[in-house]
Amino acid sequence: MVGTGTAALTLWAYYNQGYQHGLTLPPLIQNMSSHPPSAPVPKLHEPEDFDSTRAKFSEFMIKLALVFSSDPTRYATDAAKICYAASYLSGSAADWFEPHLNKATGAIHFTT
């Protein structure tokens, strides 16, 4: 080995320790390097509260669709989408939704 002086041996030892450490990283940390960081979620206007007025329904549904498509990880399940949409119900729309919500557990009695 060329340059077998103390400095070279010390550098080789540090390199070897780092290499060995890299082989023994926990699986979670190893997997992190294979997944690129997620893109930031665009800032969108929140939907206006929906009170069951027919004229406002289309706009409410468009805003919901934009929110859901802008962050598919957060809104991957129907339950997440329903909870989000329900949080923007007011008036008679909220009154209609209330019996479908278990107030003790927060469970929603919808499958989709």
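Procedures and definitions
- Residues numbered from 1 in each chain as written.
- Predicted model: local features only at pLDDT ≥ 70, side-chain atom pairs only at ≥ 80, totals over all residues.
- Heavy atoms only, no water.
- Helix = DSSP H or I, 4+ residues; strand = E, 2+ residues; numbered from the N terminus.
- Buried < 20%, exposed > 50% of the residue type's maximum accessible area, 1.4 Å probe, protein only.
- Contact = heavy atoms within 4.5 Å.
- Areas by Shrake-Rupley, 256 points an atom, 1.4 Å probe, with all protein chains shown as cover.
- Salt bridge = Lys/Arg side-chain N within 4 Å of Asp/Glu carboxyl O.
- Polar contact = N/O pair within 3.5 Å; in protein donor to acceptor, adjacent residues only side chain to side chain.
- Core = buried A, V, L, I, M, F, W, Y, C linked by side-chain atoms within 4.5 Å.

## Here's the deal with the overall build of the chain
Scanning the chain from terminus to terminus reveals 5 helices and 0 strands. Residue burial in the chain is summarised as follows: out of 112 residues, 15% are buried. In the chain, of all internal contacts separated by at least 6 residues, the share reaching a separation of at least 24 is 43%. A total accessible area of about 8900 Å² is found for the chain, and carbon and sulfur atoms account for 63% of it.

## Some thoughts on the environment of Ala93
Tracing the backbone through its elements, the reader meets Ala93 in helix 5 (residues 91-97). Note on Ala93: relative accessible area 8%, which makes it buried. Sequence separation between Ala93 and Thr53 is 40 residues, and the spatial gap between their C-alpha atoms is 8.7 Å. Once residues lying within four places of it in the same chain are set aside, the contact partners of Ala93 are Phe50, Asp51 and Ser52.

## Here's the deal with the pattern of salt bridges
Under the definition given, this model contains 2 salt bridges. Between Asp71 and Arg74 there is a salt bridge; the shortest N-O distance is 3.8 Å. The closest approach of N and O atoms between Glu98 and Lys103, which form a salt bridge, is 3.4 Å. Under the relative-accessibility criterion, Glu98 is labelled partly exposed at 39%. We classify Lys103 as exposed; its relative accessible area is 60%.

## Quick notes on the environment of Lys103
Here Lys103 lies in the segment after helix 5. Among the polar contacts made by the side chain of Lys103, one reaches the side chain of Glu98 at a distance of 3.4 Å.

## So, the nonpolar core
Counting residues in each nonpolar core, the largest one holds 14 residues, and the members touching the most others are Phe60, Leu64, Phe68, Tyr84 and Leu89. Of all the secondary structure elements, the ones that give two or more residues to this core are helix 3 (54-70), helix 4 (78-86) and helix 5. Apart from the residues lying within four places of it in its own chain, the contact partners of Leu64 are Pro47, Tyr84 and Ala85.

Geometric descriptors of this kind do not, in isolation, establish any biological role.
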